[in-house]
Amino acid sequence: KIKLIKNGILQVGYGKNKKKSINEIDNVYAYYYFIFPNIMLNFYKWGISINIIEPIRKDKTRIKFLSYPIEGMSQPSNYAGIETIEKEDQKIVSNVQKGIRSNFYDRGRYSVQFEKGLHHFHRLISRYLN
């Protein structure tokens with residue numbers, strides 16, 4: 001689920017919990033808060049991770065990733081480790097950037113189903129720049 005907030009986005013990620021529950025929160029894997037312009041706070045049952053996105057120049061960005069498990073807690077073993085997921089995400093972003101620079105890329109409309117958060121982010125940037 002994606003919820004647009006005044007200066008950011010909240011995304012709720014659900015796990016593949018097979019347990020039937022009337023309480024939706026039992027099946028939440030994480031809450032992902034994006035705070036404009038460049039902070040991501042990711043809350044898990046086992047702790048928190050923080051991403052700080054630093055633009056270096058128009059075609060280069062540095063991502064600082066920090067992970068803080070709650071004392072005595074650990075990541076679930078049935079999921080890939082958070083560091084692995086972070087590297088996979090960064091590779092996806094890098095590949096998208098390569099595709100956007102391609103001569104074959106032609107901008108299009110946002111997907112209402114999949115890009116609501118991205119559209120909101122671009123509106124925040126536009127409001128900030130104007």
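Please read all numbers here as calculations on a predicted model, not as lab measurements.

**Student:** Before we go on, may I ask you to explain the overall build of the protein in this structure?
**Tutor:** Scanning the protein for helices and strands turns up 2 helices and 6 strands. When the helices and strands of the protein are read in sequence order from the N terminus, they spell out β-β-β-β-β-β-α-α. Within the protein, the fraction of its 130 residues that count as buried is 18%. Summed over all atoms, the accessible surface of the protein reaches about 10500 Å², with 56% contributed by carbon and sulfur. Side chains of the protein carry 22 positive and 11 negative charges; the gap between the two charge centres is 6 Å.

**Student:** For this particular structure, what's the right way to read helix 2 (residues 116-129)?
**Tutor:** Between its first and last C-alpha, helix 2 extends 20 Å over 14 residues, near the 20 Å set by a 1.5 Å rise per residue. For helix 2, the complete set of buried residues consists of Gly117, His120 and Leu124. Along helix 2, the residues classed as buried sweep out an arc of 60° about the axis, all on the same side. Away from its buried face by more than 90 degrees, helix 2 exposes Arg123 and Leu129. Looking at the packing, one finds that the buried side of helix 2 touches strand 1 (2-5) and strand 2 (8-14).

Definitions and limits used
Residues numbered from 1 in each chain as written. Predicted model: local features only at pLDDT ≥ 70, side-chain atom pairs only at ≥ 80, totals over all residues. Heavy atoms only, no water. Helix = DSSP H or I, 4+ residues; strand = E, 2+ residues; numbered from the N terminus. Buried < 20%, exposed > 50% of the residue type's maximum accessible area, 1.4 Å probe, protein only. Areas by Shrake-Rupley, 256 points an atom, 1.4 Å probe, with all protein chains shown as cover. Lys, Arg positive; Asp, Glu negative; His and termini not counted. Charge placed at Lys NZ, Arg CZ, Asp CG, Glu CD. Expected span 1.5 Å × (residues − 1). Arc of directions from axis to C-beta. Contact = heavy atoms within 4.5 Å.

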